[in-house]
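# Report on the structure
Spelled out, the chains give:
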Amino acid sequence: MSEGNPQPPPDVAMEWQSATLLGQGLFWQDLSVGQRFRTYRRTVTEADLIQFVTLTGMVDSTFLDATAAGPMGGRPVPAALTYALIEGFIVQSLIRGTGIAMLSCTQEAIAPVRVNDTIHAVIEITAVRPTLSHGRAIVDSLISIYNQNKTLVLRYTSKRMLAGRPATEQSP
């Protein structure tokens, strides 16, 4: 076409469907027992602590008094905050768009996490059980959270329902 006659607009729906989705999590078929993943690292900040305890109502002086040196030393953060930060990494990466539900979770706080600690986690797949309907599976995992000194600070298990690969994307 000439400059006076611009190209017709592309079929947006077709263009959208044919494009590869960025950031897609893994389907249950991509997981196997013993597989291990690690998250990025993240420093827990003063702002994280204040926003979290304010949002949740955990307004104990242990978390809010910056001058108090408690029995754990430093400025501890709730284990729930540590868990939530790591779950954020998992949702944004491993199960983004494929996670259906958190079915159960058990936690064990092992060592304190303090403001300015840098945390990361290792996720190990411990079971994958396909369901009888809808191409889903129950995926169990063990999540171990470490600080910057490689000290295990929190460990938890999760049982999640994950989506299966859509029928149009099934591997041979």
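Relevant structure appears above.
For clarity, every value in this text was computed on a predicted model and none was experimentally measured.

Criteria and cut-off values
Residues numbered from 1 in each chain as written. Predicted model: local features only at pLDDT ≥ 70, side-chain atom pairs only at ≥ 80, totals over all residues. Heavy atoms only, no water. Helix = DSSP H or I, 4+ residues; strand = E, 2+ residues; numbered from the N terminus. Expected span 1.5 Å × (residues − 1). Buried < 20%, exposed > 50% of the residue type's maximum accessible area, 1.4 Å probe, protein only. Contact = heavy atoms within 4.5 Å. Polar contact = N/O pair within 3.5 Å; in protein donor to acceptor, adjacent residues only side chain to side chain. 1 Å grid on protein atoms, 1.4 Å probe; cavity = no way out; pocket = protein on both sides within 12 Å on 5 of 7 lines; lining within 4 Å. Points joined across faces, edges and corners; volume = space filled by probe spheres on them. Salt bridge = Lys/Arg side-chain N within 4 Å of Asp/Glu carboxyl O. Patch = residues over 30% accessible without salt bridge, like charges linked within 9 Å, V, L, I, M, F, W, Y side chains within 5 Å. Areas by Shrake-Rupley, 256 points an atom, 1.4 Å probe, with all protein chains shown as cover. Axes fitted to C-alpha atoms, helices over the stretch in contact; angles between N-to-C directions. Parallel < 35°, antiparallel > 145°, perpendicular 65-115°, else oblique. Nonpolar A, V, L, I, M, F, W, Y, C, P; charged D, E, K, R; others polar. Core = buried A, V, L, I, M, F, W, Y, C linked by side-chain atoms within 4.5 Å.

Time to look at helix α4 (residues 79–92). In this model, α4 (14 residues) spans 20 Å end to end at C-alpha, consistent with the 20 Å of a helix rising 1.5 Å per residue. Looking at α4, one finds that the buried residues are Leu-81, Thr-82, Tyr-83, Leu-85, Ile-86, Glu-87, Phe-89 and Ile-90. Buried positions along α4 lie against β2 (42–43), α2 (46–56), β3 (99–109), β4 (118–130), β5 (137–146) and β6 (152–162).

Following the sequence through the fold, Arg-165 ends up in the segment after β6. Assessed through its relative accessible area of 14%, Arg-165 is described here as buried. Reaching out from Arg-165, the side chain makes a polar contact with the side chain of Asp-30 at a distance of 2.2 Å.

Looking at the element boundaries, Ser-141 is found in strand β5. By relative accessible area, Ser-141 is classed as buried at 5%. Within the structure, Ser-141 has its side chain in polar contact with the side chain of Ser-158 (distance 2.8 Å). Contact partners of Ser-141, with chain neighbours within four places excluded, come to Ile-123, Glu-124, Ile-125, Thr-126, Tyr-156, Thr-157 and Ser-158.

Its boundaries defined by the atoms lining it, the second largest pocket holds a volume of some 210 Å³. Phe-37, Arg-38, Thr-39, Tyr-40, Phe-89, Ile-90, Gln-92, Ser-93, Leu-94 and Ile-123 are the residues that line the second largest pocket. Looking at the lining of the second largest pocket, the elements that each hand over two or more residues are β1 (36–38) and α4.

Glancing now at the pattern of salt bridges. Tallied over the entire structure, the rule returns six salt bridges. When the shortest N-O distance is used, the salt bridge between Arg-42 and Asp-48 registers 2.6 Å. Using a relative accessible area of 14% as the deciding quantity, one classes Asp-48 as buried. We note a salt bridge from Glu-87 to Arg-160, for which the minimum N-O separation is 2.7 Å. With Glu-87 in helix α4 and Arg-160 in strand β6, this pair connects stretches of sequence that are 73 residues apart. Each member of the pair, Glu-87 as well as Arg-160, is classed as buried.

Mapping Val-122 onto the fold places it in strand β4. For Val-122, a relative accessible area of 18% translates into the label buried. Spatially, the C-alpha atoms of Val-122 and Ser-141 are 10.0 Å apart, while their sequence positions differ by 19 residues.

Turning our attention to a nonpolar patch on the surface. A contiguous nonpolar patch, built from Ile-50, Val-59 and Leu-64 and spanning about 220 Å² of accessible area, is present on the exposed surface. Examined against the element boundaries, Ile-50 turns out to sit in helix α2. For Ile-50, a relative accessible area of 31% gives the class partly exposed.

Turning our attention to the packing of α2 against α4. Two numbers describe how α2 lies on α4: the axes approach to 10 Å, and their chain directions differ by 110°. Overall, the two elements α2 and α4 adopt an arrangement that is roughly perpendicular. In this structure, α2 contributes Asp-48, Leu-49 and Phe-52 to the contact, and α4 contributes Ala-80, Leu-81 and Ala-84. For the contact of α2 with α4, the residue count by class is five nonpolar, no polar and one charged.

The biggest cluster of nonpolar side chains holds 30 residues, and the ones touching the most others in it are Ile-86, Ile-90, Ile-143, Ile-145 and Tyr-156. Of all the elements in the fold, those that place two or more residues in this core are α2, α4, β4, β5 and β6. With six residues, α4 is the largest single contributor of residues to this core. In contact with Ile-145, other than residues within four places in its own chain, are Thr-82, Tyr-83, Ile-86, Ile-119, His-120, Ala-121, Thr-151, Leu-152, Val-153, Leu-154 and Tyr-156.

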